Each structure stands twice: as C-alpha cells, then as structure tokens.
Amino acid sequence: MAKEITSREENYSQWYNDIVKKAGLADSSAVRGCMVIKPYGYAIWEKMRDQLDKMFKETGHVNAYFPLFVPKSLFEAEEKNAEGFAKECAIVTHYRLKADPDNKGKLIVDPEAKLEEELIVRPTSEAIIWNTYRDWIQSYRDLPILINQWANVVRWEMRTRPFLRTAEFLWQEGHTAHSTKSEAIAEARLIHDVYARFAEEWMAMPVIKGFKSENERFAGADDTFTIEALMQDGKALQAGTSHFLGQNFAKAFNVTFSNDKNENEYVWATSWGVSTRLIGGLIMTHSDDEGLVLPPKLAPFQVVIVPIPKPDPELLEKAKNISEALKALGISVKIDTDETKRPGFKFAEYEMMGVPVRLGLGKRDLENNTIEVARRDTKEKTSIAMDQVVPYVSSLLDDIQENLFQRAKAYRDSHITKVDSYDQFKDVLENKGGFLSCHWDGTSETEEKIKEETKATIRCIPLDAPSESGKCIYSGKISERRVIFAKAY
RNA sequence: CGGGGCGUAGCGCAGUCCGGUUAGCGUACCUGGUUUGGGACCAGGGGGUCGCAGGUUCGAAUCCUGCCGCCCCGACCA
C-alpha cells in the first residue's frame, strides 16, 4: 500500500520520518536543516502553545517580543553562554545584494554593504534581553520581571531531524529577573513543575524531574532543571529545561538594583524553554506502526465522523446533530464530507493522523439507532446506542488520555533499571536501553569517560532520589544517591 | 566532516552494468460508468529540463569529469 509506514522494529528512524511525513505534520524544505511545519502539525503546536501560554499567565507571566538579531558584542558578553553556542551560530555580515556584473540575472552579496558589527541570529535571547533589562531595572520595586516570549531561534546543527532537531525551531523562552536568589530558584522550580505537569497531563508523556550535572548544564546557568522523557526505542529525550542563572547575566550586563536598604545588588535571573521538539516527543511516546497516536488534549480534532458509505443529506444531518452536541461539551469534531474516498480509505487516513475517536455512521446505524465508535489508542470498535454517544465519547476521550499516559508510564517504569556495576551498566544499555539508575561519584571526569565508552550521558539527578550510600559504578568511589544515565536524542 | 546509499511524472520505483526509435511500471491526478460497513473496479486521458554543468559519440537516463542536493550510520547538539 502506498500509505504504509515502516515498522518500528524494521527501522525506528524511518518509522519516525514516515509518521512525520504521512500524518501531514511537516515537510523538508529547500533550506538545509529547516522544515516546513504543515497545518496539521502546526495545529498541534498551537494546542501546546495555547495551553502553556495559559499556564504561564496563571503563574504571573506576561509576553513580550525581542529582536531576532543580537549584535556580536552583546552576544559575547556572558562568556560561558557565548562559548556554548559559538559553534552553531548563523551570522549576518551584510545587508544588501546587487546584480552580478559577470552573471546576468544573478545576485551577489554587495561587498560595499558590510555591516560594521556582525549580527548573530539568536540561538537564545539572554544577551539581548539582559542588555534591555539593565535599562528597565533600578529599584527592587521594578522586580520581579516575569517575561516570556514566543519566538523562533536558529542553531546551526550538523545533523537535523524533523521536530527533534532542526536548524530553526519555534519555542518559548521565559526570562525572569528577581531581587533574591531564593526567589529566582523558586521561579526556576515553579516553571519546572509547569513543564512536568504539561508533559504528563497534556502530552500524556511521563517525565523524570531532576537537575543537570555540570557537563550537561545550560551554558551560563548555575543550575539547570530538566524534564526527561523516554522514547519507545529506549532513548531519552530532554523535553524542557528551566535554568537558575544566578547573577551571571546580571554581572555580564551590569544589571543592578537598589534594595530596600538602598544598597546596590546584582539581579538574580532565570530562563526556561520548551520547543517544537515536544512534537517529536509526542510522536515517539505514543505512536504505533499504523501511524500517529495523539492524546485527546492535543489533537487538532478529537473526533471525526465518517458517513458510511458516503455523505448523504440524511447522514450529514445526523452527523451534524452529534457534532453540535459534542461541541457543546467543548469537544472538537470534524465531519468528513469528502465524497470521493471510500470509508476504508478514510479509516486508514484518520488512523495515520492519530485522531483519538472515530465515529462511523451508516444506514445500518440509522435503522438500528446505533453508531460505531472506534478508539485510536487500542483500535477497539464498539457499536453503541445513538442516544448514548455524546456522554460515551466524552468519557472515552478522558479514558484515552489516561490510558495513553498509563501505557507510556508502564513502559517508562519498566525501563528504569537499577544497575550496580559497570559491566551490568553496559549490558543493560546495549540490550535493553532506557534509563539506568546508578551511583556516580559526582565528577565530570567519570561522566566524560562513561560517555566516551558507552555514549550514555547523565540525563538528570532526580529531585526525588532518596539518599542512598553506594559506590560509583565506574570509579568505585562513594556516592550518596543514584543518578539517571541514558543514551539521548 | 568520515562511512554507506540515492537522485528518472506529485509519491514509490524499473531501466544505467552491456549507449540505439515516441523512456516505462505502480500509485496519485482528470473524465465517464459500475460500486460503496476497513485502503474499490473497468475504460479512456493528462503529466518528464531522466539532479546541474561540461565532455566522449552519428546517437547519452545509460560512458567520463566536475558540481549540487537528499537519506541512513557516526562525530556535535535541545
């Protein structure tokens, strides 16, 4: 069949690419490493964005917008951050093209139009924002500043994959300024909680909350909090990070305030972000060999009604009634009015697209006063009484949301393996994958060695890890608690 | 940037080794008809700079040279 996708077992990467393509989420583009997000994929992003935006607003944040370009001198001000991103920056050096004198109809960069100072296309916006905050902050009364922006950023990656890693991507970046260290840490952890809640309650994607080791920390941060998810191939995905930036950016950009004793202090900062990468995580958490599987809370439409064998006035009338009743409960519904395709074809299409619930409505149903309900997550079909369909579907959507989460959680939990020796570590990593919970001596050297030898990195040091004395699996030195290792995207 | 694969109709491919009329198949698309509860069938039809640029040749999708792009596996990374 033309629409068939590669199975996960056969080729996991290809399976992922097939889903992106065939579910209509994104296309590759004429620009290397950049994708076109198609309407169906973008609709998922809009759902994510709207919910996250709501959660940010509920926690006191406001939106603003800062420039795409960052003058090089500002970019390099916070050295660690600049170094961290230097290798993947796109740089604007000129501002004009002109006709090529040697090649009719072609354009060349006008050498006369060289910028005095290069502009960096933002890989993240701390620099331009902290340079601005300096002017906004004088007194403790100006704090806190709790700003978020929805934006695109560019990181010139060597190897890209749709949604998971693209040269340009969409995200939100929060940048907050505080008068005390404890308030800034509380802010970073608040957002960390928001991210975890969003991942689990909306994406139905279980995550481990923790903080990063020094090696894996955001460049320029004192602490990075992360949510880590596990994909179906046993690899980890960093799904969102929230950084406590200390006073690093305040010092780099000389952002100070007068406290209530009229003393000058540097401002405390956080930044935090999630990106279109979440869509990649969503795909790899729930989808199967038939296509995309979407949690109802993020599906562009939650229910599709397919008239069988094809739309006619009587069926459409009935479909419309059901649709209106569902919509009254806040459920989004699409009625398929396409007369050119047969039902079987449509069923396969909507499965590919991950629509949570499909209602099949045919002549036979009208006679029996029933309707066929098919759920995407388990692919079960049932015929139920017409007058029950609205409450049934309503609670079914909740069931599906919950089932997807529980299913993903069961998989994730069964792929957290406690290991207590390096041999066992390598064995589990090789043969089972997933998260490895083990003792680590806390040194970068050990982490580096393990990474070199096995490709696995510390995904996080879980916040809820109980203290437990043990020995580092690599060095044998004493350790106070277990950390999570995995191969990661 | 290393290793492998590929570029022929919207998509998926054959043809390339061994050069030879109007470049073919599946699917998708258009028209008509019959169908229709899990990816319909029949008939007719439209659609091609064979990745780009040179070269060899009477003749190039096919041979040679250079370039470009894409995919997979690594290195790097959210």
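Residues numbered from 1 in each chain as written. Chains lettered and ligands numbered in written order. Predicted model: local features only at pLDDT ≥ 70, side-chain atom pairs only at ≥ 80, totals over all residues. Heavy atoms only, no water.

## Comments concerning the sheet that holds strand β17 (residues 303-308)
Part 1 of the argument: With respect to topology, five strands assemble into an open sheet ordered β18-β17-β19-β20-β21, the strand pairing being mixed. Two strands lie at the open edges of the sheet, namely β18 (333-335) and β21 (381-385), each paired on one side alone. Direction aside, the axes of adjacent strands within the sheet are offset by 25° on average.
Part 2 of the argument: Contacts between helix α12 (residues 389-413) and the sheet are confined to β17, β19 (357-362), β20 (370-375) and β21, with β20 contributing the most and set at about 10° to the helix. (Pairing = 2+ DSSP bridges. Helix = DSSP H or I, 4+ residues; strand = E, 2+ residues; numbered from the N terminus. Axes fitted to C-alpha atoms, helices over the stretch in contact; angles between N-to-C directions. Contact = heavy atoms within 4.5 Å.)

## Here we look at the protein's contact with RNA strand B
Part 1 of the argument: Residues in contact with RNA strand B amount to 36 residues; listed here are only the nearest, R159, R165, R277, P309 and R364.
Part 2 of the argument: One nitrogen or oxygen atom from the main chain of R364 is found 2.2 Å from a base oxygen belonging to RNA strand B.
Part 3 of the argument: Counting residues per element, the ones that place at least two in the surface near RNA strand B are α1 (12-22), α10 (343-352), β19 and α11 (363-368). (Near = heavy atom within 4 Å. Polar contact = N/O pair within 3.5 Å; in protein donor to acceptor, adjacent residues only side chain to side chain.)

## Comments concerning the pattern of salt bridges
Part 1 of the argument: A full pass over the atoms with the stated rule returns 23 salt bridges.
Part 2 of the argument: With its nearest N and O atoms 3.1 Å apart, the salt bridge here joins D110 to R96. Of this pair, D110 sits in the loop between β7 (107-109) and β8 (114-121) while R96 sits in the loop between β5 (91-94) and β6 (97-99), and the two are 14 residues apart along the sequence.
Part 3 of the argument: According to the relative accessible area criterion, D110 is buried, its value standing at 6%.
Part 4 of the argument: On the basis of relative accessibility, which here comes to 39%, the residue R96 falls in the partly exposed class.
Part 5 of the argument: E351 is the partner of R358 in a salt bridge, and the nearest nitrogen-oxygen pair spans 3.2 Å.
Part 6 of the argument: R358 gets classed as buried once you look at its relative accessible area, which sits at 6%. (Salt bridge = Lys/Arg side-chain N within 4 Å of Asp/Glu carboxyl O. Buried < 20%, exposed > 50% of the residue type's maximum accessible area, 1.4 Å probe, protein only.)

## Focus on the pairing of strand β12 (residues 223-230)
Part 1 of the argument: Of all eight residues in β12, seven are buried, a share of seventy percent or more.
Part 2 of the argument: Two elements, β12 and strand β13 (residues 236-246), share eight bridges in a ladder whose sense is antiparallel. Following the sheet pairing, F225 is matched in β13 by S242.
Part 3 of the argument: Connecting the antiparallel pair β12 and β13 is a turn made up of five residues, with G234 showing a positive phi of about 85°.

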